[in-house]
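Examination of the molecular architecture
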Amino acid sequence: MPGFEKFGDEERRELQDVLDNGVLMRYGFDPMRNGHWKVQEFEAALCERLDAPYAHCVSSGTAAVWSALVCAGVGDGHEVIVPPFTFVASMEAILFAGAVPVFGEIDETLGLDPSRLAEVITPKTKAVMLVHMCGAMAQVDQIKEICDHHGLELIEDVAQAMGGSLNGTPLGRFGRFGCFSFDPVKTITSAEGGAIITHTEADYRLVDAFTDHGHDHLGADRGQDRHPIMGLNFRLSELHAAVGIAQLRKLDGFLEHQRAIRDILETTLAPLDHVSFRKLPDRAGDTATFFSFFLQDADMTQAAVTGLTDGGVDGCFYWYANNWHYYKSWDHFRDLKTPHPIPLQRLDQPMRYQNPSLPQSDDVMSRCISMLIKLSWSLEEAQERAEKMKVILSSLG
Ligand SMILES: *Cc1c(COP(=O)(O)O)cnc(C)c1O
């Protein structure tokens, strides 16, 4: 990752089709299109690749998770369980939907720990927002069972794990809604964009209408169709979809290269007793956009980050101290800093997410380093990098 490292003639050709016709919108303008429906084509390709009956493209991954929450009926008075290690979009979506985020503990899969989920479920819990972080799967099969047992909606955020799977099932296919992002730094990119996959036509129609002002898209003419619900505009453009189509065709090649690099890193570092690797519920389904590993304690991990960075091993993230990905630095969410009052501000009780106690997650994240795996590295370069890392990390043991 990321997909922008591999732009080429394929993207250029797809884009040129759109520019030749001048139809930038995904709906309507039938006579001008010369058969080009890039967003529809992208959606069909996503259905095929993700083994999903329905896929609907939207303008971003954030739009995808927010729309999925709204379409799952999440709103005022509800709680949504979310991992404390995610991207800020999870929190934004839940809070702007008018619901209260409640953190569940994560484990060494870097996803929600199924054995710690029940303790944060309350009568107000409406949904679980499960996030597959850093390229690999959370224990989504077990989490789905718990959701079914408690009557909770499961929404999967697959923004960071496009193409990943668990025991052969593509990520995004377990929940009622599976959400994807094609933003500029994701595994495949359309510059901006996202998608939602669903199991039923009813959910697909709901998402399709909600993300285009409530249009039902059933009438022949955009001015004639009906508006069964209110909506907003989260449409993807034909230009974005054109880039997405070309990138999706390259996805499996990207994953193969990333996995080969991951294997080199793992094999080289395996002899170090004080280094352990992220737990993968299904190694074959890891997309390997990141190589995540653990040291023994927070001090050793910080020393490792400094050592790697100073030693010229770039792209190593210490998420524990990162304000985009870990709850500890999210003061603006804790203090509900929004330009307008949101329903939560009516609550007089301190919200459960404002002062969470998450010792297990803190322990996991304080020992974790994730290194970005770049598509542009050759396997020889990856091997050199692995040797360099081994020398630096050995000195800490
Ligand atoms: C990138 C990302 C998003 C948001 O996607 P955008 O397309 O940037 O809006 C949501 N969730 C996770 C986990 C992400 O990494």
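Because the structure is a prediction, the values reported are computed rather than measured.

Turning our eyes to something else, we now look at the overall build of the protein. Each helix and strand in the protein was counted, giving 11 helices and 13 strands. For 397 residues, the compact-globule estimate of 2.2 N^0.38 gives 21 Å, and the C-alpha radius of gyration of the protein, at 21 Å, lies within 12% of that figure. Counting the 397 residues in the protein, one finds 56% classified as buried. Put simply, 69% of the contacts in the protein that link residues at least 6 apart link residues at least 24 apart.

The subject of this paragraph is the site of the ligand. Neighbouring the ligand are 13 residues, the closest being Thr 62, Asp 157, Ser 181, Asp 183 and Lys 186. Here an oxygen atom of the ligand and a backbone polar atom of Gly 61 are 2.7 Å apart. One of the side-chain nitrogen or oxygen atoms of Ser 181 is found 2.7 Å away from an oxygen atom of the ligand. When isolated, the ligand has an accessible area of 380 Å², and the protein chains bury 94% of it. The residue inventory of the shell around the ligand, partitioned by class, reads four nonpolar, six polar and three charged.

A word on the packing of aromatic side chains. Under the definition given, this model contains 18 aromatic pairs. A centroid spacing of 6.5 Å and a plane angle of 55° characterise the contact between Phe 210 and Phe 234, whose relative ring orientation is tilted. One end of the pair, Phe 210, is in helix H6 (residues 201-210); the other, Phe 234, is in the loop between H6 and helix H7 (238-269), and 24 residues separate them in sequence. The two residues Phe 210 and Phe 234 agree in class, both being buried. The structure contains a cluster of three or more aromatic residues connected by ring pairs, namely Phe 103, Tyr 318, Tyr 320, Tyr 326, Tyr 327, Trp 330 and Phe 333. Between the NZ or CZ atom of Lys 186 and the centre of the ring of Phe 87, over which it lies, the distance is 5.6 Å.

On to the nonpolar core, then. Membership of the largest hydrophobic core comes to 51 residues, with the highest contact counts inside it found for Leu 69, Val 80, Phe 85, Met 129, Ile 155, Phe 177 and Met 365. Other than its neighbours up to four places away in sequence, Val 80 contacts Leu 69, Val 74, Ile 94, Ala 99, Val 100, Pro 101, Val 102, Ala 127 and Met 129. With 44 residues, the next largest nonpolar core counts Cys 57, Ala 138, Ile 188 and Leu 375 among its residues.

Moving on to the side chain of Asp 157. Along the chain, the position of Asp 157 falls in strand S5 (residues 153-157). One buried charged residue, Asp 157, remains without a salt bridge, the closest side chain of opposite sign being Lys 186 at 7.4 Å. Looking at Asp 157, its side chain comes within polar contact range of the main-chain nitrogen of Ala 159, at 2.9 Å. Those residues in contact with Asp 157, other than ones at most four positions away along the chain, are Val 65, Ser 90, Met 129, Leu 130, Val 131, His 132 and Cys 179.

Pairing in this open sheet of seven strands is mixed, and the strands run S1-S9-S8-S5-S4-S2-S3 from one edge to the other. Where the open sheet ends on each side, the last strands, each with one partner, are strand S1 (54-58) and strand S3 (100-103). Averaged over all neighbouring strand pairs, the angle between strand axes comes to 25°, with direction disregarded. Relative to strand S4 (residues 125-131), strand S2 (residues 79-82) runs parallel, the two sharing three bridges. Within S4, the residue paired with Ile 81 across the bridge is Val 128. In this fold helix H2 (residues 38-50) packs onto S1, strand S8 (177-181) and strand S9 (194-198), with an angle of close to 135° to the strand it touches most, S1. Packed onto the sheet, helix H5 (residues 140-150) meets S4 and S5 and runs at close to 155° relative to S5.

Quick look at the environment of Gly 151 now. Within the secondary structure, Gly 151 sits in the loop between H5 and S5. Classification of Gly 151 by relative accessible area gives exposed; the value is 61%. With 26 residues separating them in the primary sequence, Gly 151 and Thr 125 have C-alpha atoms 9.4 Å apart.

The strand order across the open sheet built from four strands is S10-S11-S13-S12, with neighbouring strands paired in antiparallel fashion. A strand with exactly one partner marks an edge of an open sheet, and here the two such strands are strand S10 (276-277) and strand S12 (316-317). As judged from the five bridges shared by strand S11 (residues 290-294) and strand S13 (residues 368-372), these two strands associate in the antiparallel manner. Residue pairing across strands places Phe 290 opposite Leu 372, the latter belonging to S13. Relative to the sheet, H7 contacts S10, S11 and S13, its axis offset from that of S11 by approximately 20°.

Turning our eyes to something else, we now look at the side chain of Thr 287. Topologically, Thr 287 is positioned in the loop between S10 and S11. Taking relative accessible area as the criterion, Thr 287 reaches 0% and is therefore assigned buried.

Below, the discussion takes up the pairing of S2. The side-chain alternation of S2 yields two buried faces, one formed by Glu 79 and Ile 81 and the other by Val 80 and Val 82. Summarising the sheet, S2 and S3 pair through four bridges and their orientation is parallel. Bridge pairing links Glu 79 to Val 100 in S3. Note that the unit made of S2, helix H4 (residues 88-96) and S3 has a crossover that is right-handed.

Attention now moves to the packing of H7 against helix H11 (residues 379-394). At their nearest, the axes of H7 and H11 sit 9 Å apart, and the two run at 30° to each other. Of the possible angle classes, the one that applies to H7 and H11 is roughly parallel. Helix-helix and strand crossings are classified by hand; for H7 and H11 the assignment is right-handed. Where H7 approaches H11, its residues His 257, Ala 260, Ile 261, Ile 264, Leu 265, Thr 268 and Leu 269 are matched on the opposing element by Leu 379, Ala 382, Gln 383, Ala 386, Glu 387, Met 389, Lys 390 and Leu 393. Here the residues of the contact of H7 with H11 sort into 10 nonpolar, three polar and two charged.

Quick notes on the rules
- Residues numbered from 1 in each chain as written.
- Predicted model: local features only at pLDDT ≥ 70, side-chain atom pairs only at ≥ 80, totals over all residues.
- Heavy atoms only, no water.
- Helix = DSSP H or I, 4+ residues; strand = E, 2+ residues; numbered from the N terminus.
- Rg over C-alpha atoms; globule rule 2.2 N^0.38 Å.
- Buried < 20%, exposed > 50% of the residue type's maximum accessible area, 1.4 Å probe, protein only.
- Contact = heavy atoms within 4.5 Å.
- Near = heavy atom within 4 Å.
- Polar contact = N/O pair within 3.5 Å; in protein donor to acceptor, adjacent residues only side chain to side chain.
- Areas by Shrake-Rupley, 256 points an atom, 1.4 Å probe, with all protein chains shown as cover.
- Nonpolar A, V, L, I, M, F, W, Y, C, P; charged D, E, K, R; others polar.
- Phe/Tyr/Trp six-rings, centres within 6.5 Å; stacked < 30°, edge-to-face > 60°.
- Lys NZ or Arg CZ within 6 Å of the ring centre and 35° of its normal.
- Core = buried A, V, L, I, M, F, W, Y, C linked by side-chain atoms within 4.5 Å.
- Lys, Arg positive; Asp, Glu negative; His and termini not counted.
- Salt bridge = Lys/Arg side-chain N within 4 Å of Asp/Glu carboxyl O.
- Pairing = 2+ DSSP bridges.
- Axes fitted to C-alpha atoms, helices over the stretch in contact; angles between N-to-C directions.
- Right-handed = clockwise from strand over helix to strand, strands pointing away.
- Parallel < 35°, antiparallel > 145°, perpendicular 65-115°, else oblique.
- Left-handed = near helix turned anticlockwise from the far one by under 90°.

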